[in-house]
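# Inside the fold
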Amino acid sequence: MRIKPVYIFIGLILAASCLDPYYSGIKDYIDLPVIEGMIDNGPGPYTIRITHSTAINDMAILPFRHAEVIIEDDLGASETLKETAPGVYTTDPDGLRGQIGRSYRLNVKIEDRTYQSPFELINTPIDIDTVFAKIEEKSVTGGFIDGLQFYVNTAAISDRNTNLMWTYSETYKFRAEYKLDLIYHGVDSIERVYTDTGKVCWKTNYSQETYTWSAQKLTGDRLTNFPLHFISTLSDKISERYSLLLSQYSIPLPAYKYWSEIAKLQEEAGGMYARQPYQVQGNIVDVDNPDATVLGYFVAAGMTTKRIFVDRPPLVFNYEECNPLINFYQLNNPKQLRYPLYAMEVGGDQWFAGLQCFDCRVKGGKIEKPDFWTEQ
């Protein structure tokens, strides 16, 4: 982390969208359904999430259980989704498939209420030209920090009514810092370890951000250098090898306005499928009471994807590392220690640390290399 004086802070306040926002004070909080999901031209399964709205000062996510959820197309084909997790409803992987040029509608029945979206058209997607990363620095309190800034360039865009949205998944390779040699299970129980299992891992995360853009802002024939996420040297994500799978969606104008508003609130709300900001109303209606407030959005979108790999950049990293204790077992009363204890042997010494320092799986990694993974 390079520290430099910061003299000016510039606040960029995005203009309000054309949405009709729903505002309510905490004292007037009403429990409302939040229905969100998408269908695109990619392979299923497609997911619909249904939760209770929460007060602004409440970060809990409360699922709506046992709803009847159906996606139908404009030719009468439909599929009833299964609840695969509390409040999470998915299609069968071999079930309904979104097609470009076709329209889709969501129907949800919760107890005695029926909710519905309008038919949404899957537009022809705009191709991704390139996705790339550049070494940059970002301002933080008291200075700057180095890292990688990711960007996307699109293919040519001829229609100024085009609206785009991006989400991503990231997979990164990382290592445990030390090799595990000894496990102390008790005073008289010591296990010697002769394997590197848990030394190298891969971990996949799904974006907590959405990015939106309208071609009405286009000055050339394509979008170039559109900024995505930034990964700093305070993270170990780019310390070994990193893969980004970017999904680019062509969405209708109302969906663009909706997700633009969501994007403004993400820092507080926590992402595309996290706690619904109570103010934003989407395209779902109560069939029997169209004036009732229902939160969320069902969008049909033309999608294209691109995956890239990035190796460790030539930067100084500052993420938290393990600090082993030398000969910790010998310097304490073994009967008073909490077992198991983990150690490696360095010369004639034993270095003790937490299991996360020896096994990358403890940090959520998997030792199985993903099918898509390639090295240099």
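Placed above this text is the structure.
So, here is what we can say about the structure in this document. This one's a predicted model, so the numbers in the text were calculated from it and none came from an experiment.

## Observations concerning the sheet that holds strand 11 (residues 128-140)
What the three strands build is an open sheet, ordered 11-12-18; its pairing is antiparallel. Two strands close off the open sheet at either side, each with one partner strand: strand 11 and strand 18 (226-232). Averaged over all neighbouring strand pairs, the angle between strand axes comes to 25 degrees, with direction disregarded. Sheet topology note: the strand 11/strand 12 (residues 143-154) ladder contains 12 bridges and is antiparallel. The residue bridging Ile135 from the neighbouring strand is Leu148, located in strand 12.

## So, the sheet that holds strand 24 (residues 349-353)
Taken in spatial order, the five strands line up as 15-14-23-24-22 in an open sheet, and their pairing is antiparallel. Bordering the open sheet on either side are strand 15 (189-192) and strand 22 (325-326), each of which pairs with just one other strand. Here five bridges tie strand 23 (residues 341-346) to strand 24, and the two strands are oriented antiparallel to one another. For Tyr342, the partnering residue across the bridge sits in strand 24 and is Ala353.

## Describing the pattern of salt bridges
For the structure shown, the criterion picks out 15 salt bridges. Of the charged contacts, one joins Glu375 and Lys173 as a salt bridge, the two residues approaching to 3.1 Å between their closest N and O atoms. In this pair, Glu375 is assigned in the segment after strand 24 and Lys173 in strand 13 (residues 163-175), connecting sequence segments 202 residues apart. For Glu375, a relative accessible area of 39% puts it in the partly exposed group. Shared partners join several salt bridges into a network, and the residues in it are Lys173, Arg241, Asp311 and Glu375.

## Digging into the environment of Asp359
Looking at the element boundaries, Asp359 is found in the segment after strand 24. According to the relative accessible area criterion, Asp359 is buried, its value standing at 11%. Each C-alpha atom of the pair Asp359 and Asp196 lies 8.9 Å from the other, and the pair is 163 residues apart in sequence. In this structure, Asp359 is in contact with Ala176 and Gly198, ignoring residues within four places of it in sequence.

## Considering the packing of aromatic side chains
Within this structure, the stated rule accounts for 16 aromatic pairs. With a centroid separation of 5.5 Å and 45 degrees between ring planes, the pair formed by Tyr184 and Phe352 is classed as tilted. Within this pair, whereas Tyr184 is found in strand 14 (residues 182-186), its partner Phe352 is found in strand 24, the two being separated by 168 residues in sequence. Overall, Phe352 belongs to the buried group, its relative accessible area being 5%. Where Phe317 meets Tyr319, the ring centres are 6.1 Å apart and the plane angle is 70 degrees; that geometry is what we call edge-to-face. The buried category is assigned to Phe317, whose relative accessible area is 13%. The class for Tyr319 is partly exposed, based on a relative accessible area of 22%. Pairwise contacts between aromatic rings join Tyr184, Phe328, Tyr329, Tyr339 and Phe352 into one cluster. A cation sits over an aromatic face here: Arg307 above Phe372, 3.5 Å from the ring centre.

## Considering the state of the cysteines
Under the counting rule described, the total for this entry stands at two disulfides. Across the disulfide from Cys201 sits Cys360; the S-S distance is 2.0 Å. On the S-S bond that ties Cys201 to Cys360, the torsion sits near 75 degrees, and the link is right-handed. Placement of the pair is Cys201 in strand 16 (residues 200-206) and Cys360 in the segment after strand 24, with a sequence separation of 159 residues. For the pair formed by Cys201 and Cys360, the shared burial category is buried. Disulfide pairing places Cys322 opposite Cys357 at an S-S distance of 2.0 Å.

## Re the environment of Asp188
Here Asp188 lies in the loop between strand 14 and strand 15. Separated by 146 residues in the primary sequence, Asp188 and Pro334 place their C-alpha atoms 9.7 Å from one another.

Analysis parameters
- In this numbering scheme, every chain counts its residues from 1 along its sequence in written order.
- Note on the predicted model: pLDDT of at least 70 is required for a residue's local features to be given, and 80 or more for side-chain atom pairs to be given and counted; whole-chain, interface and lining totals, by contrast, use all residues.
- Hydrogens are left out, water is left out, and the side-chain values use all remaining heavy atoms of the structure.
- Should DSSP find at least two bridges between two strands, the strands are taken to pair.
- A run of DSSP states H or I qualifies as a helix once it reaches four residues; a run of E qualifies as a strand once it reaches two. Both are numbered from the N-terminal end.
- Interaxial angle, 0 to 180 degrees, is taken between N-to-C directions of lines fitted to C-alpha atoms, where a helix line uses only the stretch in contact.
- Just to be clear on terms, a salt bridge is a Lys or Arg side-chain nitrogen sitting within 4 Å of an Asp or Glu carboxyl oxygen.
- Burial here depends on accessible area, computed with a 1.4 Å probe over protein chains only, as a share of the maximum for the residue type. Under 20% is buried, over 50% is exposed, and the range in between is partly exposed.
- Contacts are residue-level and defined by heavy atoms, with any inter-residue pair within 4.5 Å sufficient.
- We call Phe, Tyr and Trp rings a pair once their centres come within 6.5 Å, taking the six-membered ring for Trp, and we label the pair stacked below 30 degrees between planes, edge-to-face above 60, and tilted otherwise.
- A ring is considered to have a charge above it if a Lys NZ or an Arg CZ atom is located within 6 Å of its centre and within 35 degrees of its normal.
- Working definition: a disulfide is two cysteine sulfur atoms within 2.5 Å of each other.

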